[in-house]
Amino acid sequence: MENAKKRIFSGVQPSGDLTLGNYIGAISNWTKLQDDYECLYCIVDQHAITVRQDPADLRRRTLELLMQYLACGIDPEKSCVFIQSHVSAHAELAWILNCNTQMGELSRMTQFKDKSKSHADNINAGLFTYPVLMASDILLYQTDLVPVGHDQLQHIELARDIATRFNHYYSDTFKIPEPYIPKVGQRIMSLQTPENKMSKSDPNPNGCIKLLDDTDTIIRKFKRAVTDSGSEIVASPDKPGITNLLSIYSAVTNQTVEEAEKEFAGKGYGDFKLAVGEAVASALDPVHKEFERLKADKAYVESVYKKGAELAGYLASKTLRKVYKKVGFIAK
Ligand code: TRP
């Protein structure tokens, strides 16, 4: 690449609403990487259609996700923000990598096994080869680091295996990417069942804070958050509810869990839950305002994804050209 900064690639599917967990665990970390790395942040709409999507919803969610990236502080002057389907090289490389990936490797993917259960009426070939498209996303950009949650580590491992095998068979072509796992304490759990990760598909809507929930909803959900027995506000393995609230509070107020524990020493659970709700609401307030502003500025949003697609397309075409040559395709 043109400069010495390491390259980062990550993506989110436009298949549901972003949660406070996505914000604390992913997007707000992404914003901090923008000065030190060359970052590409993608909206992976092609991955989203591996499960049925209503076309109008998909269109709306894609643009809303892009606006949420920007509202959270991803700066298109620093990072390349783009929509996967705008860069045809992703699908083109995926075909070639499909021919270099074994059925057995894909059958072992836990996300495939889980999704085949939850979408038993639509176990399509795209769901099966999903990890190959993800490997293409990453490998096209000669990515150094991929910030992801633990649930995606198996996919990164597969991308590394595919790249290593390709490099051995056809000679050095792809950089071997590494996962980039954010620091501890950033796994945000459900407010209702704190043993489980906060998820947009939580059966109890009070378990999950959405990034775009309004202030009243946020405070109401925190007031109803489950706590643990006892009355002390300390983080410990036998207090999953309080521990989760402390990590959320410390993340949105930029302090350590120890500092938060000190602040609430001697206070009751009720006051604490209200304080966490208020802190989250005030951290998200500027995000909401910026989101509303962007929603009213379609031309700007369009200019961001067009510029992103142009840069990503240029970078991707360099790798794809190399790959085509190596596998024996005739240059046009
Ligand atoms: N599979 C990822 C998820 O569900 C999304 C994704 C697609 C991704 N392509 C990627 C993440 C490339 C990182 C890099 O979260």
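Everything quoted here is computed from the prediction, not taken from an experiment. (Residues numbered from 1 in each chain as written. Predicted model: local features only at pLDDT ≥ 70, side-chain atom pairs only at ≥ 80, totals over all residues. Heavy atoms only, no water.)

Our next topic: empty space enclosed by the protein. Rolled over the atoms, a probe with the dimensions of a water molecule shows which regions are left empty. Applying the stated rule across the entire model yields 2 cavities of 30 Å³ or more. Approximately 50 Å³ is the volume attributed to the largest cavity. Taken together, Gln13, Pro14, Gly16, Asp17, Leu18, Arg61, Glu64, Leu65 and Gln68 make up the full set of residues lining the largest cavity. Approximately 40 Å³ is the volume attributed to the second largest cavity. Taken together, Gln111, Phe112, Lys115, Leu127, Tyr130, Pro131 and His155 form the lining of the second largest cavity. Partitioning the lining of the second largest cavity into residue classes produces 4 nonpolar, 2 polar and 1 charged. (1 Å grid on protein atoms, 1.4 Å probe; cavity = no way out; pocket = protein on both sides within 12 Å on 5 of 7 lines; lining within 4 Å. Points joined across faces, edges and corners; volume = space filled by probe spheres on them. Nonpolar A, V, L, I, M, F, W, Y, C, P; charged D, E, K, R; others polar.)

Ranked by size, the top nonpolar core spans 57 residues in total, and within it Leu20, Tyr69, Phe222, Ile248 and Val280 carry the most contacts. The greatest single-element share of this core, amounting to 12 residues, is contributed by helix α12 (residues 269–295). Mapping this core onto the domain boundaries places at least three of its residues in each of domain 1 (7–185 + 298–327) and domain 2 (205–292). In contact with Val280, other than residues within four places in its own chain, are Leu20, Ile218, Phe222, Ile248 and Val252. (Core = buried A, V, L, I, M, F, W, Y, C linked by side-chain atoms within 4.5 Å. Buried < 20%, exposed > 50% of the residue type's maximum accessible area, 1.4 Å probe, protein only. Helix = DSSP H or I, 4+ residues; strand = E, 2+ residues; numbered from the N terminus. Domains from an automatic or database assignment. Contact = heavy atoms within 4.5 Å.)

Attention now moves to the site of the ligand. Close to the ligand lie 13 residues, the nearest being Gln13, Tyr130, Met134, Asp137 and Gln152. Residue Tyr130 places a side-chain N or O atom 2.7 Å away from a nitrogen atom belonging to the ligand. Here the ligand has 370 Å² of accessible area as a free molecule, and 89% of this is covered by the chains. Contributing elements (two or more residues each) for the shell around the ligand: β1 (7–12) and α7 (125–140). Of all the elements, α7 adds the most residues to the shell around the ligand, at 4 residues. Across the shell around the ligand, the residue classes break down as 7 nonpolar, 5 polar and 1 charged. (Near = heavy atom within 4 Å. Polar contact = N/O pair within 3.5 Å; in protein donor to acceptor, adjacent residues only side chain to side chain. Areas by Shrake-Rupley, 256 points an atom, 1.4 Å probe, with all protein chains shown as cover.)

To continue, consider the layout of surface pockets. Empty space within the second largest pocket amounts to approximately 340 Å³. Ser317, Leu320, Arg321, Tyr324 and Lys332 are the residues nearest the centre of the second largest pocket, which is lined by 14 residues in total. For the lining of the second largest pocket, the secondary-structure elements that each account for two or more residues are α4 (89–98) and α13 (298–327). When residues of the lining of the second largest pocket are assigned to their parent elements, the largest contribution, 6 residues, is made by α13.

The next subject is the pattern of salt bridges. Enumeration over the complete set of coordinates arrives at 16 salt bridges. As a salt-bridge pair, Glu64 and Arg60 come within 3.4 Å of each other at their nearest N and O atoms. Remark: Arg60 and Glu64 occur in helix α3 (residues 55–71); sequence separation between them is 4 residues, near one turn of the helix. Look at Arg60 and you get partly exposed, because its relative accessible area is 36%. One salt bridge in this structure joins Lys221 and Asp213, with 2.7 Å as the shortest N-O distance. (Salt bridge = Lys/Arg side-chain N within 4 Å of Asp/Glu carboxyl O.)

Another aspect to go through is the packing of aromatic side chains. Per the counting criterion, the structure on display carries 13 aromatic pairs. Summarising the aromatic geometry, the rings of Trp30 and Tyr41 are spaced 4.4 Å apart at their centres and angled 5 degrees between planes, so their arrangement reads as stacked. Of the two residues, Trp30 is situated in helix α1 (residues 20–33) and Tyr41 in strand β2 (residues 38–43); the sequence distance between them amounts to 11 residues. For Trp30, a relative accessible area of 3% translates into the label buried. Between Tyr169 and Tyr170 the ring centres are 4.8 Å apart and the planes differ by 80 degrees, which places this aromatic pair in the edge-to-face class. On the basis of relative accessibility, which here comes to 21%, the residue Tyr170 falls in the partly exposed class. By way of ring pairs, the aromatic residues Phe166, Tyr169, Tyr170 and Phe174 are connected into one cluster. (Phe/Tyr/Trp six-rings, centres within 6.5 Å; stacked < 30°, edge-to-face > 60°.)

In this section: α4. Of all the positions in α4, only Ala89, His90, Leu93, Ala94, Ile96 and Leu97 are classed as buried. Each buried residue of α4 sits inside an arc of 165 degrees when the element is viewed along its axis, so together they form one side. (Arc of directions from axis to C-beta.)

Here we take up the domain arrangement of the protein chain. Structurally, the protein chain comprises domain 1 (7–185 + 298–327) and domain 2 (205–292). A C-alpha centroid distance of 31 Å is found between domain 1 and domain 2. Between domain 1 and domain 2, the buried area comes to about 1200 Å², and carbon and sulfur atoms account for 77% of it. Of all residues in domain 1, the largest losses of buried area upon contact with domain 2 belong to Leu20, Tyr23 and Ala71, amounting jointly to 42% of the total for that side. Our count for the contact surface shared by domain 1 and domain 2 stands at 1 salt bridge. The interface formed by domain 1 and domain 2 includes 3 residue pairs in polar contact (both at pLDDT 80 or more). For the side of domain 1 that touches domain 2, the secondary-structure elements that each account for two or more residues are α1 and α3. Among the elements that line the side of domain 1 that touches domain 2, the one with the most residues is α3, at 4 residues. (Buried area = accessible area lost by both parts, 1.4 Å probe.)

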